[in-house]
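# Coordinates in review
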Amino acid sequence: MLNRVDRVQLAVPDAEEAARGWISLLGAEKAGEDRIAGLGARRLKLRLGNGWVELLTPDGAGQIADAVSARGAHLYAGGVTARDMAALRSHLKGRGVNPLYEGGQLHLDMKDTGVDGLRVVVSPDEALPVVGDIDFFYEVTLLSGDTAGVGRALNALFGLDEGNYTEIVSTIFGYRGTLTLFEKDKLDRLEVIEPTVPDTTMDRYFRKFGQSLYMAFAETRDINLITERAKAAGAGHTIDRPEGRPAHLPSDQLWLHPKALGGMMLGLSRPSMAWSWSGHPERVEAID
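In short, a report on the structure. (Residues numbered from 1 in each chain as written. Predicted model: local features only at pLDDT ≥ 70, side-chain atom pairs only at ≥ 80, totals over all residues. Heavy atoms only, no water.)

It is worth spelling out the nonpolar core at this point. In terms of nonpolar packing, the biggest core is built from 57 residues, with Trp22, Leu26, Leu55, Val122, Phe137, Phe158 and Leu266 touching the most fellow members. In terms of residue count, helix H1 (residues 15-26) provides more of this core than any other element does, six residues in total. Contact partners of Leu266, with chain neighbours within four places excluded, come to Trp22, Leu26, Phe137, Met215, Ala216, Phe217, Ala218, Leu254, Trp255, Leu256 and Leu261. Core analysis: the second largest hydrophobic core is formed by 19 residues, Phe206, Tyr214, Met215 and Ala274 among them. (Core = buried A, V, L, I, M, F, W, Y, C linked by side-chain atoms within 4.5 Å. Buried < 20%, exposed > 50% of the residue type's maximum accessible area, 1.4 Å probe, protein only. Helix = DSSP H or I, 4+ residues; strand = E, 2+ residues; numbered from the N terminus. Contact = heavy atoms within 4.5 Å.)

If you want it as structure tokens, here you go:
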């Protein structure tokens, strides 16, 4: 019942400060402000790629005030789209799930998803022009010690087809888990993974926060440009670039660290690169 990953929501104490890195490093553009009464939040909306970044600040007592008080700035919810919101609402209601519905969006808290650490905002699918220097979001990552159980819960909650899922193991980055691909021939998914190597950044995060949202991923044709911007700004970042690759060719991946983007980490991959760990390495475009 889900179509694609289209946004991220951050809970932050200061939206303007959080927006700076998204704008300066990735070319995001401000697209208005409003309020989500049910969350007790003011929202600053940024357009980026073919989707959105939503920066939520406390507006009185409520979930966002509680989230910021507990953890400071962080990735609050992953955002996905549904082609048929009415059908999804009916499906959820049939399961006894009645999330906040405001402004045309469904805001599923942990009590709604039934998964500790997982909040999801669902929006109607819409075709939007690309803004800035990423093409599209395609992944939100949840760290979990029960990847199989979370995968089953997501399958039931959103009517996903587990036949599309791909198991993933990374000995390089030290994790294993599941990519819950929404559709067979698209990258969009929630990634549910468990750290397997002690004292990596991911493992330390998991031990500190437990089962929780960790980061998101997007695809970009401008990975080298964004890297140079990050270097010039002194913004924290990590590069995945094969040794000896000529300078004019793109890196495979780039991670922008949380302090660079107002509280969350964002991974960026060159076009089609994500298929290499998504069950279809034959779809990765050669570069020369």
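Tallying each qualifying case throughout the model produces 21 salt bridges. We note a salt bridge from Glu16 to Lys30, for which the minimum N-O separation is 2.6 Å. Within this pair, whereas Glu16 is found in helix H1, its partner Lys30 is found in strand E2 (residues 29-36), the two being separated by 14 residues in sequence. What emerges from the salt-bridge pattern is a single network uniting Asp6, Arg7, Asp34, Arg43, Lys45 and Glu54. (Salt bridge = Lys/Arg side-chain N within 4 Å of Asp/Glu carboxyl O.)

To continue, consider helix H5 (residues 147-158). Compared with the 16 Å implied by 1.5 Å per residue over twelve residues, the 16 Å span of H5 between its first and last C-alpha is a close match. Residues Thr147, Gly149, Val150, Gly151, Leu154, Asn155, Leu157 and Phe158 constitute the buried set of H5. Gly159 lies just past H5 and shows a positive phi near 65°. (Expected span 1.5 Å × (residues − 1).)

Let us now look at the packing of aromatic side chains. Counted by the stated rule, this structure contains six aromatic pairs. What links up through ring pairs into an aromatic cluster is the set Phe136, Tyr138, Phe173, Phe217 and Trp255. Taking the ring centre of Phe209 as reference, the NZ or CZ of Arg71 above it sits at 4.0 Å. The ring of Tyr101 has Arg89 sitting right over it, with the charged end atom 3.7 Å from the ring centre. (Phe/Tyr/Trp six-rings, centres within 6.5 Å; stacked < 30°, edge-to-face > 60°. Lys NZ or Arg CZ within 6 Å of the ring centre and 35° of its normal.)

Interhelical geometry of helix H3 (residues 85-94) versus H5 gives an angle of 120° and a closest axis separation of 8 Å. The residues of H5 that touch H3, namely those facing Leu88, His91 and Leu92, are Ala156, Leu157 and Phe158. Looking at the contact of H3 with H5, its residues break down into five nonpolar, one polar and no charged. (Axes fitted to C-alpha atoms, helices over the stretch in contact; angles between N-to-C directions. Nonpolar A, V, L, I, M, F, W, Y, C, P; charged D, E, K, R; others polar.)

Considered as a void within the structure, the largest pocket measures approximately 600 Å³ in volume. As for the largest pocket, its lining consists of 25 residues, and the residues nearest its centre are Ser170, Phe173, Tyr175, Gln253 and Trp255. Taken together, the residues of the lining of the largest pocket break down into 14 nonpolar, seven polar and four charged. Roughly 460 Å³ of volume is contained in the second largest pocket. (1 Å grid on protein atoms, 1.4 Å probe; cavity = no way out; pocket = protein on both sides within 12 Å on 5 of 7 lines; lining within 4 Å. Points joined across faces, edges and corners; volume = space filled by probe spheres on them.)

The topology assignment puts Ser269 in strand E16 (residues 265-269). Every residue in contact with Ser269, bar those within four places of it in the chain, is listed here: Tyr138, Phe217, Ala218, Glu219, Thr220, Ile223, Asp252, Gln253, Ala274 and Trp277.

Moving on, we come to the sheet that holds strand E4 (residues 51-58). Judged by pairing direction, the sheet is mixed, and its eight strands sit side by side in the order E2-E3-E4-E1-E5-E8-E7-E6 without closing on themselves. Edge positions in the sheet fall to E2 and strand E6 (100-102), since each has one partner strand and no second. On average, adjacent strands in this sheet sit at an angle of 25° to one another, irrespective of strand direction. (Pairing = 2+ DSSP bridges.)

Attention now moves to unusual backbone geometry. Not every positive phi belongs to a glycine, and Asp199 is a case in point at roughly 70°. Residues other than glycine seldom take positive phi values, yet Ser272 does so here, at roughly 70°. By secondary structure assignment, the location of Ser272 is in the segment after E16. Taking relative accessible area as the criterion, Ser272 reaches 7% and is therefore assigned buried.

Residues Gln105 and His107 line one face of strand E7 (residues 105-108) and the alternating positions Leu106 and Leu108 line the opposite face, and both faces are buried. Where E6 and E7 come together, three bridges link them in antiparallel fashion. From the neighbouring strand, Glu102 faces E7, where its bridge partner is Gln105. Between the end of E6 and the start of E7, which pair antiparallel, lie two residues, with Gly103 showing a positive phi angle near 60°. Relative to strand E8 (residues 120-124), E7 is paired through three bridges, and the arrangement is antiparallel. The residue bridging Leu108 from the neighbouring strand is Val120, located in E8.

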